Amino acid sequence: MEELYYQEKRDWAVKKSGLVCLNGAFRHCNGGLNHHASMIAASVNLQISRELSMKATIITEHGLHSIFLNVDEGTTAAELEAMYNRNAIKVKEFEQLKNFIKSRNTFGFERAEFAYIERFQTYRNKIVHFNYNFSPAELSTMEDDIIHLLVHILGVFINDSRLLDIEDRKFMQEYIDETEYRTLMKNEKYVRALQNFIYKEDDTPCLCPICNNHTLLSSKKCLGCLLNLGVDDAFRFIECAYCRKEMVVYDTLNMEANFNQMRGLSLNCEEDTVVYLCSVCGLVYNMEGVGQCCTPDGCIHEV
């Protein structure tokens, strides 16, 4: 139990630092990647955030010891803390982490994803070490690749089941600059990359009723406004009679004040409906659904 607590503590520390650097990458991307200083700053922040996101995933999937060179699975939390305080822990280099992920397919990456990572390493080395002047065509390609990596790194953090729960929302609000992220969401390339990510990793992007973008995952987490509608008391979901997805959202807080009936909207197919809460049995029904259901005229469960 102590080892698990220690691992989660270090895991959160890695995620926190990763989000800080990701936030920096957002800011410098918004500043314009055609400026050399912004390009360097965005690349450095993105590289660090990407490495930390890899470490966070490796810790979650394979244990804290997997990111170290001189720590094995049997090392206790007390021994790790002592090594940490002596600055004696040796962390694996990025290339070693990348090969670890390749060998175990931790991210489920295909060859194309590793090509993005390796191409970005080339960009970063040219910018930081050789002061390389990119052509307009190279700048455009690099911007696309940076946006692609931004989306995938954010996806790693968002897909952690503990992030975006109610108690952790402050965590996201503290480390993701809302103003910078809203600005980034005005970038058509970024929004398109988000939607492509959802198509590939999840399902068809759904409409978010908060930010009005088609960036909602089937898990009810939105990559557009970084909220999790699935844990918000104001929202509940029921199956849609048309697309059969449990994506009809309705307002629970005003249900009783509205005679136990509310308009509902499928965030998947965007068909609207009427949702009814039976005051007798407490069950909620899509009134346009198939089969028997309670109505204002009576409860089907009442004898």
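Residues numbered from 1 in each chain as written. Predicted model: local features only at pLDDT ≥ 70, side-chain atom pairs only at ≥ 80, totals over all residues. Heavy atoms only, no water.

### Concerning the pattern of salt bridges
Close approach of charged atoms allows side chains with opposite charge to pair. To keep it simple, the criterion reads: Here, a salt bridge means any Lys or Arg side-chain nitrogen found within 4 Å of an Asp or Glu carboxyl oxygen. Segments assigned H or I by DSSP are reported as helices when at least four residues long, segments assigned E as strands when at least two residues long, and all are numbered from the N terminus. When accessible area is computed with a 1.4 Å probe and restricted to protein chains, residues below 20% of their type maximum are described as buried, those above 50% as exposed, and intermediate ones as partly exposed.
According to the stated counting rule, one finds seven salt bridges in the structure shown. Between Glu178 and Arg182 there is a salt bridge, with the nearest N and O atoms lying 2.9 Å from each other. Highlighted residues: Glu178 and Arg182, both in helix H8 (residues 178-184), separated by four residues, approximately one helical turn. On the basis of relative accessibility, which here comes to 48%, the residue Arg182 falls in the partly exposed class.

### Brief notes about the sheet that holds strand E3 (residues 261-266)
Worth spelling out the cut-off: When DSSP finds at least two bridges between two strands, those strands are taken to pair. Here, axes are lines fitted to C-alpha atoms. For helices the fit covers the stretch in contact, and angles between N-to-C directions go from 0 to 180 degrees.
Here five strands make up an open sheet; going across it, the order is E1-E2-E3-E4-E5 and the pairing antiparallel. Each of the sheet's edge strands pairs with one partner strand only, and the pair in question is strand E1 (235-238) and strand E5 (284-286). In this sheet, adjacent strand axes meet at a mean angle of 35° when their direction is disregarded. The pairing of strand E2 (residues 248-251) with E3 spans two bridges and is antiparallel. Directly across from Val248, in E3, lies its bridge partner Ser266.

### Section: the nonpolar core
Defined as follows: In plain words, nonpolar cores are sets of buried Ala, Val, Leu, Ile, Met, Phe, Trp, Tyr and Cys residues tied together by side-chain atoms within 4.5 Å. For this analysis, residues touch if any pair of their heavy atoms sits within 4.5 Å.
Counting residues in hydrophobic clusters, the biggest one holds 55 residues, and the most contacted among them are Leu22, Phe26, Leu46, Ile146, Leu150, Tyr181 and Tyr190. Counting only elements with at least two residues in this core, the list comes to helix H1 (2-30), helix H2 (36-62), helix H3 (77-85), helix H4 (94-104), helix H5 (111-130), helix H6 (136-158), H8 and helix H9 (188-201). In contact with Tyr181, other than residues within four places in its own chain, are Phe26, Leu154, Ile176, Tyr190, Leu194, Leu223, Gly224 and Leu226. One finds Cys206, Phe237, Val249 and Leu267 within the second-largest nonpolar core, a separate group that totals eleven residues.

### Focus on unusual backbone geometry
Non-glycine residue Asn87 carries a positive phi angle of around 60°. Along the chain, Asn87 falls in the loop between H3 and H4. Judged by its relative accessible area of 69%, Asn87 falls in the exposed class. Positive phi values are uncommon outside glycine, yet Asn260 reaches one of about 65°. With respect to the helices and strands, the residue Asn260 is situated in the loop between E2 and E3. Using a relative accessible area of 13% as the deciding quantity, one classes Asn260 as buried.

### Observations regarding H9
How we decide: To estimate how far a helix should reach, multiply one less than its number of residues by 1.5 Å. Distance and chemistry together define a polar contact, namely a pair of N or O atoms within 3.5 Å, with one atom able to donate a hydrogen and the other to accept it when in protein, and with adjacent residues in sequence counting only for side-chain atoms on both sides.
For H9, spanning 14 residues, the distance from its first C-alpha to its last is 20 Å, which sits close to the expected 20 Å at 1.5 Å a residue. Structurally, the start of H9 carries an N-cap: the backbone nitrogen of Lys189 is 2.9 Å from a side-chain oxygen of Asn187.

### A short note on the pairing of E2
Examined bridge by bridge, E1 and E2 share four bridges and lie antiparallel to one another. When the bridges of E2 are listed, Phe235 appears paired with Asp251.

### A word on a nonpolar patch on the surface
Put simply, the rule reads: Like charges within 9 Å and nonpolar side chains (Val, Leu, Ile, Met, Phe, Trp, Tyr) within 5 Å are joined into patches, using only residues over 30% in relative accessible area that form no salt bridge. For accessible areas, the Shrake-Rupley method is used with a probe of radius 1.4 Å. Any residue's cover is judged against the shown protein chains and nothing else.
Together, Val44, Ile48 and Val128 give the surface a local cluster of nonpolar side chains, amounting to about 190 Å² of exposed area. With respect to the helices and strands, the residue Val128 is situated in helix H5.

### Thoughts on the packing of aromatic side chains
Quick reminder of the rule: Stacked, tilted and edge-to-face are the three classes assigned to paired rings of Phe, Tyr and Trp, where Trp is represented by its six-membered ring and a pair needs centres within 6.5 Å; plane angles under 30 degrees give stacked, over 60 edge-to-face, the rest tilted. Here, a charge over a ring is recorded when the distance from Lys NZ or Arg CZ to the ring centre is within 6 Å and its angle to the ring normal is within 35 degrees.
Within this structure, the stated rule accounts for two aromatic pairs. An angle of 90° between the planes, with centres 5.9 Å apart, marks the rings of Tyr181 and Tyr190 as edge-to-face. Considered together, Tyr181 and Tyr190 belong to a single accessibility category, that of buried residues. Taken together, the ring pairs connect Phe26, Tyr181 and Tyr190 into an aromatic cluster. In this arrangement the basic side chain of Lys220 is found over the ring face of Phe237, its NZ or CZ atom lying 4.9 Å from the centre.

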